Amino acid sequence: MNHFVSNNGELFCEQMAVAPIAREVGTPFYLYSKATLTRHFLAFDSAFAGIDHLTCFAVKACSNIAILNLFSGLGGGADIVSGGELYRALTAGVDPKRIIYSGVGKTEEELRYALESKILLFNVESAQELERLQRVAAAMEIKAPVSFRVNPDVDPQTHAYISTGLAKNKFGVPIDEALDLYVLAKGMENIEVKGVSCHIGSQLTLISPFIESLRKVKGFVERLAATGIVIDFIDLGGGVGITYDAEEPPHPRDYAEAIKEELQGVTATLILEPGRVIVGNAGILVTEVQYTKTNRRAGMKSDQGIEQVKKFVVVDAAMNDLARPSLYGAYHAIVPVQEKGAEREVVDIVGPICETGDFLAKDRELPRVEQGDLLAVMSAGAYGFSMSSNYNSRPRVAEVLVDGDSYEIIRRRETFESLVQGETLPGGVRHGH
Ligand code: LLP
């Protein structure tokens, strides 16, 4: 359930009508509902009540510090994948003892920064990363707390780009080879072996792949125990999907029940790294129609003798603001912010970027819209703003947080000046000979 509802044809976010916000803030902008963010976090976290667990929000899904601060206030930690995300989490006030660090390519500087910050765990993904971490920790004369991310070779049955737990994916250490790495790590002076982690993919709509990988991880933990290595944490990653269109993902309650059942008798603390399921349906992208146009294929008739036409709605948001449709062919529902009439038509909703791949929706039936109308791209809270870029030198849009009957701008729209920040004209400091 979320707090974006239409009332007499007018879209509301909680008790705020969306249209007046658009007039004040300008378009495009991301709009989040605090009540929905809170509700989704608590629904997920409380589903695991009764077992020792830590919910570390996956920062990459939605990285605004106001939102990270909200989850941290609800008792959440953070799952980070870069020094930048660590900086965000700390700035937002997340307790470092609730921060875990995943990712295949951590640099030496990033490892040092995370060690200095005294985070809870490093999810190490290769033997070379382990060696590097040992070296950096030794130089700092401290011990690095480590989990290894194992790759269980389980098919998450999701989009190929966001499947991570198959042997052919770049992530983790093959589960069958991980034991050697644990033994190696155990003997390292500045490494403290703490846990096992895995993450098999994103936007999963079935519980069974999670359970299949948990069984493999459990089996592995038993093998570890048999060699005298006892761990404190089992991290199951993120990945529960949401409804964008007609998907029927598991409810967090059912997901949690299945995991709790499987974990009976296991004493380790469970770590979870949800992203999308918490923020996905808690945010929308609001955009304004700039132009409508119809491209006819001159002189051509289709089989039915009907003239071939293509209708386009050109909006002010583009693939740089929301990459998911272009990148994954992802579906996002699109609705008018203020409904006007019953007449409907099939259109492509496209942005101003100079690429045919710049679309938010294709062949979509929509109430007829005209210049100046506002559209809401739904379910855009996860991997929306966080994946946005400045392509075509488009300033990144504003982010707004609604709380009841008021709103706050949690990220200002960028300006043209911010586009060239850090750049210089030739004639400045020269390096080399
Ligand atoms: N933990 C790790 C190590 C991850 O790599 C991810 C997501 C998560 C947790 C959170 O997964 P979630 O609960 O959000 O499914 N940009 C893509 C999604 C990429 C997901 C990458 N990893 C999209 O827009 O669909």
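Residues numbered from 1 in each chain as written. Predicted model: local features only at pLDDT ≥ 70, side-chain atom pairs only at ≥ 80, totals over all residues. Heavy atoms only, no water.

## Topic: the environment of Leu-360
Put simply, the rule reads: Here a strand is any run of E in DSSP of at least two residues, a helix any run of H or I of at least four, and the numbering for each starts at the N terminus. Buried means the residue's accessible area, taken with a 1.4 Å probe over protein chains only, is under 20% of the maximum for its type, while exposed means over 50%, and partly exposed covers the values in between. In what follows, residue pairs with any heavy atoms lying within 4.5 Å of each other are defined as contacts.
Note that Leu-360 resides in strand 18 (residues 359-367). For Leu-360, a relative accessible area of 1% translates into the label buried. Distance from Leu-360 to Ile-349, taken between C-alpha atoms, is 5.5 Å for residues 11 residues apart in sequence. Contacts of Leu-360, omitting those with residues within four sequence positions, involve Val-315, Ala-317, Ala-318, Leu-322, Pro-325, Ile-334, Ile-349 and Val-377.

## Describing the site of the ligand
In plain terms, the rule: Being near a molecule or strand, for a residue, comes down to having at least one heavy atom within 4 Å of it. For the purposes of these results, a polar contact is taken to be a pair of N or O atoms within 3.5 Å, where, inside protein, one atom must be able to donate a hydrogen and its partner to accept one; residues adjacent in sequence count only when each atom of the pair is a side-chain atom. Using a 1.4 Å probe, the Shrake-Rupley method yields the accessible areas, and only the shown protein chains count as cover for residues. Amino acids are sorted into nonpolar (Ala, Val, Leu, Ile, Met, Phe, Trp, Tyr, Cys and Pro), charged (Asp, Glu, Lys and Arg) and polar (every other residue, Gly among them). Throughout the structure description, domain borders are defined by an automatic or database domain assignment.
Ser-202, Glu-273, Arg-324, Tyr-328 and Tyr-383 are the nearest of the 19 residues found near the ligand. A distance of 2.8 Å separates an oxygen atom of the ligand from a polar atom in the backbone of Gly-239. At 2.6 Å from an oxygen atom of the ligand is found a side-chain nitrogen or oxygen belonging to Arg-324. Contact with the protein chains covers 92% of the free accessible surface of the ligand, which is 590 Å². Counted by class, the shell around the ligand contains 6 nonpolar, 7 polar and 6 charged residues. Two domains each donate at least three residues to the shell around the ligand, and these are domain 1 (4-30 + 281-419) and domain 2 (34-279).

## Remarks on the pattern of salt bridges
The condition that has to hold: The term salt bridge refers to a side-chain nitrogen of Lys or Arg lying within 4 Å of a carboxyl oxygen of Asp or Glu.
Tallied over the full model, the rule gives 20 salt bridges. With a closest N to O distance of 3.8 Å, Lys-260 and Glu-257 form a salt bridge. Here Lys-260 and its partner Glu-257 are both found in helix 9 (residues 252-262), 3 residues apart, which amounts to about one turn of the helix. Close ionic contact of Asp-363 with Lys-310 constitutes a salt bridge, the shortest N to O distance being 2.8 Å. Placement of Asp-363 in strand 18 and of Lys-310 in strand 15 (residues 307-315) is noted, with a sequence separation of 53 residues between them.

## What about the domain arrangement of the protein chain?
Put simply, the rule reads: The term buried area denotes the loss of accessible surface (1.4 Å probe radius) that occurs when two parts are joined, taken as the sum for both partners.
Taken as a whole, the protein chain is organised into domain 1 (4-30 + 281-419) and domain 2 (34-279). Centre-to-centre, using C-alpha coordinates, domain 1 lies 33 Å away from domain 2. Tallying the contact residues gives 22 residues for domain 1 and 23 residues for domain 2. Buried area between domain 1 and domain 2, both sides added, is near 2,000 Å², and the carbon and sulfur share of it is 56%. Of all residues in domain 1, Asn-281, Tyr-328 and Tyr-383 bury the most surface against domain 2, accounting for 29% of the area lost on that side. Linking domain 1 with domain 2 are 1 salt bridge, by the criterion used here.

## Here we look at the environment of Thr-415
If you trace the backbone, Thr-415 turns up in the loop between strand 21 (406-411) and helix 12 (416-420). Overall, Thr-415 belongs to the partly exposed group, its relative accessible area being 37%. For Thr-415 and Ala-114, which are 301 residues apart along the polypeptide, the C-alpha to C-alpha distance reads 32 Å. Polar side-chain contacts of Thr-415 include one of 3.2 Å to the side chain of Glu-417.

## Here's the deal with helix 6 (residues 127-139)
Our working definition: Multiplying 1.5 Å by the helix residue count minus one yields the expected span of that helix.
Taking 1.5 Å of rise per residue, 13 residues should cover 18 Å, and helix 6 covers 19 Å from first to last C-alpha, within 8% of that figure. Along helix 6, the residues that are buried comprise Glu-129, Leu-130, Leu-133, Gln-134, Val-136 and Ala-137. Residues of helix 6 that are buried sit in contact with helix 5 (108-116), strand 8 (121-124), strand 9 (144-151), helix 7 (178-186) and strand 11 (191-197). Just downstream of helix 6 lies Glu-141, where phi reads positive at about 55°.

## Things to note about the packing of aromatic side chains
The criterion, for reference: Two aromatic rings from Phe, Tyr or Trp, using only the six-membered ring of Trp, form a pair when their centres are within 6.5 Å; if the ring planes differ by under 30 degrees the pair is stacked, by over 60 it is edge-to-face, and anything between is tilted. As a reminder, the over-ring test applies to NZ of lysine and CZ of arginine, requiring each to be within 6 Å of the ring centre and within 35 degrees of the ring normal.
Evaluated as defined, the whole model comprises 11 aromatic pairs. Where Phe-148 meets Tyr-182, the ring centres are 4.7 Å apart and the plane angle is 65°; that geometry is what we call edge-to-face. Linking Phe-148 in strand 9 with Tyr-182 in helix 7, this pair joins segments that are 34 residues apart in sequence. Across this residue pair, the class does not change: Phe-148 and Tyr-182 are buried. Taken together through their ring pairs, the aromatic side chains of Phe-44, Phe-48, Phe-210 and Tyr-255 make up a single cluster. Its end group placed over the ring of Tyr-101, Lys-106 keeps NZ or CZ at 5.4 Å from the ring centre. The residue whose ring lies beneath Lys-362 is Phe-359, and the NZ or CZ to ring-centre distance is 4.6 Å.

## Some words on the packing of helix 4 (residues 83-91) against helix 5
We apply this condition: Whenever a helix is involved, its axis is fitted only over the stretch in contact; in every case the axis is a line through C-alpha atoms, and angles between N-to-C directions fall within 0 to 180 degrees. To sort the angles, those under 35 degrees are grouped as roughly parallel, those over 145 as roughly antiparallel, those from 65 to 115 as roughly perpendicular, and the leftovers as oblique. Crossing handedness is read from the near helix: turned anticlockwise from the far helix by less than a right angle, it gives a left-handed crossing, and turned clockwise, a right-handed one.
Between helix 4 and helix 5, whose axes approach to 9 Å, the crossing angle comes to 25°. Overall, the two elements helix 4 and helix 5 adopt an arrangement that is roughly parallel. Here the hand of the crossing between helix 4 and helix 5 comes out left-handed. The segment helix 4 lies against helix 5, with Gly-83, Leu-86, Tyr-87 and Leu-90 engaging Glu-110, Tyr-113 and Ala-114. In the contact of helix 4 with helix 5, the residues fall into 5 nonpolar, 1 polar and 1 charged.

## Remarks on helix 9
Operational definition: Here the arc refers to the set of directions running from the helix axis out to each C-beta atom.
Taken together, the buried positions of helix 9 are occupied by Pro-252, Tyr-255, Ala-256, Ile-259, Lys-260 and Glu-262. For helix 9, the angular spread of buried residues about the axis comes to 160°, placing them on one side. Lining the buried residues of helix 9 we find helix 2 (34-47), helix 8 (208-226), strand 13 (269-272) and helix 10 (276-279).

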